[in-house]
Each structure stands twice: as structure tokens, then as C-alpha cells.
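Notes for the structure review
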Amino acid sequence: PFSISMFAQEVEEVVVTATKKEESIQDIAVSISAFDSESIAAEQIYDLSDLAEVVPGFEVAKGIGSGSAFTMRGIGSYGVGAAVVSSFVSAINGHSALVSVFNDMGFHDLERIEVLNGPQGTLFGRNSVGGAINMITAKGDTSGYYGNASIDIADYNGLKTTSTFNIPLDDKVALRLATSTLKRDGYMENIYSVQKDQDVDGRNQVAYRATLTFEPTDNTTIHII
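Residues numbered from 1 in each chain as written. Predicted model: local features only at pLDDT ≥ 70, side-chain atom pairs only at ≥ 80, totals over all residues. Heavy atoms only, no water.

To continue, consider the pattern of salt bridges. Counted by the stated rule, this structure contains four salt bridges. For R176, the salt bridge is made with D109, and the minimal N-O distance between the two is 2.8 Å. Here R176 is found in strand β13 (residues 173-184), whereas its partner D109 is found in the loop between α3 (102-105) and β9 (110-117), with 67 residues between them in sequence. Relative accessible area serves as the criterion here: at 9%, R176 is assigned to the buried category. (Salt bridge = Lys/Arg side-chain N within 4 Å of Asp/Glu carboxyl O. Helix = DSSP H or I, 4+ residues; strand = E, 2+ residues; numbered from the N terminus. Buried < 20%, exposed > 50% of the residue type's maximum accessible area, 1.4 Å probe, protein only.)

Let us look at the layout of surface pockets. In this structure, the largest pocket spans a volume of roughly 910 Å³. As for the largest pocket, its lining consists of 35 residues, of which I45, Y46, F107, K160 and T162 are closest to the centre. Of all the secondary structure elements, the ones that give two or more residues to the lining of the largest pocket are α1 (37-42), α2 (48-54), α3, β11 (146-154), β12 (158-168) and β13. Considering only residue class, the lining of the largest pocket consists of 12 nonpolar, 11 polar and 12 charged. (1 Å grid on protein atoms, 1.4 Å probe; cavity = no way out; pocket = protein on both sides within 12 Å on 5 of 7 lines; lining within 4 Å. Points joined across faces, edges and corners; volume = space filled by probe spheres on them. Nonpolar A, V, L, I, M, F, W, Y, C, P; charged D, E, K, R; others polar.)

Another aspect to go through is a nonpolar patch on the surface. Nonpolar side chains collect at one region of the surface, where L169, L212, F214, I222 and I224 lie side by side and expose about 430 Å² of accessible area between them. When contributions to the nonpolar patch are tallied by element, the ones reaching two or more residues are β14 (203-217) and β15 (220-224). Turning to its location among the elements, I224 is positioned in strand β15. (Patch = residues over 30% accessible without salt bridge, like charges linked within 9 Å, V, L, I, M, F, W, Y side chains within 5 Å. Areas by Shrake-Rupley, 256 points an atom, 1.4 Å probe, with all protein chains shown as cover.)

A word on the environment of G202. With respect to the helices, strands and loops of the structure, G202 is situated in the loop between β13 and β14. In the structure, G202 is positioned 46 residues away from Y156 in sequence and 8.9 Å away in space, judged by C-alpha atoms. Excluding its chain neighbours within four sequence positions, the residues that come into contact with G202 are R184, D185 and G186. (Contact = heavy atoms within 4.5 Å.)

Before going further, it helps to spend a moment on the packing of aromatic side chains. Enumeration according to the criterion identifies four aromatic pairs in this entry. Ring centres of F58 and F70 lie 6.3 Å apart, and the angle between their planes is 20°; this geometry places the pair in the stacked category. Of the two residues, F58 sits in strand β4 (residues 58-62) while F70 sits in strand β5 (residues 68-72), which places them 12 residues apart along the sequence. The two residues F58 and F70 agree in class, both being buried. Aromatic pair F70 and F88: ring centres 6.1 Å apart, planes at 45°, arrangement tilted. With a gap of 18 residues between them, F70 in strand β5 and F88 in strand β7 (residues 88-92) connect regions that are remote in the sequence. Exposure remark for F70: the relative accessible area of 5% places this residue in the buried category. (Phe/Tyr/Trp six-rings, centres within 6.5 Å; stacked < 30°, edge-to-face > 60°.)

Here the focus is unusual backbone geometry. Unlike most non-glycine residues, N93 shows phi in positive territory, near 55°. Topologically, N93 is positioned in the loop between β7 and β8 (95-96). A positive phi angle is found at N157, which is not glycine, with a value near 55°. Here N157 is to be found in the loop between β11 and β12.

Another point: the sheet that holds β12. Across the sheet, which stays open at both edges, the five strands sit in the order β11-β12-β13-β14-β15 with antiparallel pairing between neighbours. In this open sheet, the two edge strands, each paired with only one partner strand, are β11 and β15. The sheet shows a mean angle of 10° between the axes of neighbouring strands, direction not considered. Inspection of the sheet shows β11 paired to β12 by nine bridges, in the antiparallel sense. When the sheet's bridge partners are listed, G147 is paired in β12 with F165. (Pairing = 2+ DSSP bridges. Axes fitted to C-alpha atoms, helices over the stretch in contact; angles between N-to-C directions.)

Written out as C-alpha cells, the structure reads:
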């Protein structure tokens, strides 16, 4: 006697913009890891250190104060400073931007994160030998009013707040507001400073983002961020 077991499994299609156009991640010849908003929440990807836990070969080294170094497959820039040009490209909505601060503030209200492994061209402003991180922010939509807010309390008097609100202005225009704040005392005693409350690696950060989305025609969408 023998038995046969058969099953079918549907693979969810992930659409990315790693080549500056929308394509299925299964159709492009690029080594890429992509996470949508649901995956970011499910995997608890709050900052770049969390991203390194789920992207093979990607590592992050946090510097004291502001700044971080990135490596992909063992290749990267280990210097942290204003004069250091990283071998890793970071981009927000397809435009090259300094991303070290995101290791401190963390991610908030993102539609998708794309991590491209290995050498990349100049699609995101400049070429790189290590790879690229492309963060796509969530945009406003006219489906209705909605929002959310959260407060996290931690040790060292840590307090983090986040909020997101979507406001449709009419059937073609929508406004999306996202805020994030982070305050925390330093956790390393500064024995050099004579002033109080000067412990090292504290946080006092605020981030705001407003996105105005306008759809004048069925084939045209304008985002002002």
C-alpha cells in the first residue's frame, strides 16, 4: 500500500521599485530583500539594527552619538563621520539621503523597505560597492479618515511616541501626517563633564513628515513630501 499527498501553495507577489519602475520581485535580476508595511510590523523591524536581523549578510555597527557603519557580505565603510563617503547607498523614495540617523530614530510609517545586495549603479544618486537601502514612505489616500498613535515607555526615562493620520481633502487630494519623538537619558556616565545630566548616548529627537498626494488624472500622481 502507498499514499500520495498533493498540495498547492500560492506565493504572494511583492512589487518593488528597485529599478525605478514597479516590477515583481520575482521578475528582476537583482538580489533583493523587500518588506512591506505588514512584514515590517510582523518582523518588528523598528530600526536598522532590526533590519540586520532579517537581511542575510547585512550588518550595522552603531557609533557613539550619531552615525552608523554598514556592511553587506563583509564589504562596507567602517568609518563614521561627515567626511566619510559610505560604500552603502541609502535612499528615501528613490533619492539618496544620509540614513545614519534612522538607526537612532528608527522607521516610522513606511510603505516598504528594499535592501539591494552587492554593487549598485547610480539609480539612487550615486553608485555603491556594498549595496543600497531604499525606504518608501507611506502616502496619503482618499479612502477615508484614519490614524493611530502609540506611546512606549522604557528604562533611562525613555519615552517614544509615534502617530499617523490620513486626511482626505476631496476625491483627488489627501494629506498624511506622521510624527515620531524619542527622549532618553544617556546610559554611560560621563566622568569628564562637571555638569549634571551629561551622560553619554542620550536621545532628544523629533521627526515630522507631511505628505500631500494629488491625483489629477488616472495616470498621474503627484506627491509633495
